[in-house]
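A look at the structure
Single-letter residue listing:
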Amino acid sequence: MKVNKSVNKMNGSRKRIGVLFACLGNVCRSPMAEAVFIHEVTQRHLENKFLIDSCGTASKGFQFGRKPDSRTLSVCKNNNININHCSRRIITEDFYRYDYIFGMDSKNFENLMKLAPENARAKIQLFSEYDPEHETEIIDPFFSKGIDSFNHTFEQVTRCSLGFLDYLGLTNN
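The sections below set out a description of the structure shown in this document. Each chain has its residues counted from 1, running along the sequence as written. Only residues with pLDDT of 70 or above have their local features reported here, since the model is predicted, and side-chain atom pairs are shown and tallied only from 80 upward, although totals for entire chains, interfaces and linings are computed over all residues. Each side-chain value is derived from all of the structure's non-hydrogen atoms; neither hydrogens nor water enter the calculation.

Another point: the nonpolar core. Joining through side-chain atoms within 4.5 Å is the link that ties buried Ala, Val, Leu, Ile, Met, Phe, Trp, Tyr and Cys residues into a set, and such a set is a nonpolar core. Three exposure classes are used, based on accessible area relative to the maximum for each residue type with a 1.4 Å probe and protein chains only: buried under 20%, partly exposed in between, and exposed over 50%. By size, the foremost hydrophobic cluster in this structure holds 32 residues, and its most contacted members are Phe21, Phe37, Phe50, Phe102 and Phe127. Contributions of two or more residues to this core are made by strand 3 (17-23), helix 1 (29-43), strand 4 (50-56), helix 2 (70-78), strand 5 (100-103) and helix 5 (148-167). With near-sequence residues (within four places) excluded, Phe127 lies in contact with Phe21, Ala33, Phe102, Gly103, Met104, Ile138, Val157, Cys160, Ser161 and Phe164. Secondary structure elements follow DSSP: runs of H or I of four or more residues count as helices, runs of E of two or more count as strands, with numbering from the N terminus. Every residue pair with non-hydrogen atoms within 4.5 Å of one another is taken to be in contact.

We now examine the packing of helix 2 against helix 5. An axis is simply a line fitted to the C-alpha atoms; with a helix, the fit covers only the stretch in contact. Between two such axes, the angle follows the N-to-C directions and lies from 0 to 180 degrees. Closest axis-to-axis distance for the helix 2/helix 5 pair is 9 Å, and the angle between their directions is 55°. Classified by the interaxial angle, the pair formed by helix 2 and helix 5 is oblique. Once helix 2 is placed against helix 5, the crossing between them reads as right-handed. On helix 5, the residues that touch Arg71, Thr72 and Val75 of helix 2 are Phe150, Asn151 and Phe154. Note on terminology: angles under 35 degrees are roughly parallel, angles over 145 are roughly antiparallel, angles of 65 to 115 are roughly perpendicular, and the others are oblique. Crossing handedness is read from the near helix: turned anticlockwise from the far helix by less than a right angle, it gives a left-handed crossing, and turned clockwise, a right-handed one.

Following this line, the structure appears as structure tokens:
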């Protein structure tokens, strides 16, 4: 089941909770976090409560419009997580459309803070703030050899997704 990623509709009298995941190129960590979070939300039948997407913060040297890294796709597939994403760069409207924008590491967080308009609605945080194991950052696995770093990233984003849903009071649904 696909969660509506592009339209911010009202859910009865309550607005959807907008969640945007951000890493540098939007091909490894943030699309994986997006896919895992969609999976967890869907498992709880909460699709209508959320607007979920991911993006990259890179300004130069990155070609957006790409599918996720093959290792991200492989790890998600091995864990029965559907992933359907095309990389994109963050845009100004994202800071008004989403309630939460999660950077994967401190550099992404800094980039988001620099790009955010002064009157942005979104709360910008490190996604790792919701990790019950308190790993401080979700390190970029892109330059790693093999798939082990991607498996670790998967474990981290799963813990953070559950931690965030717990923060919202939605883990027992």
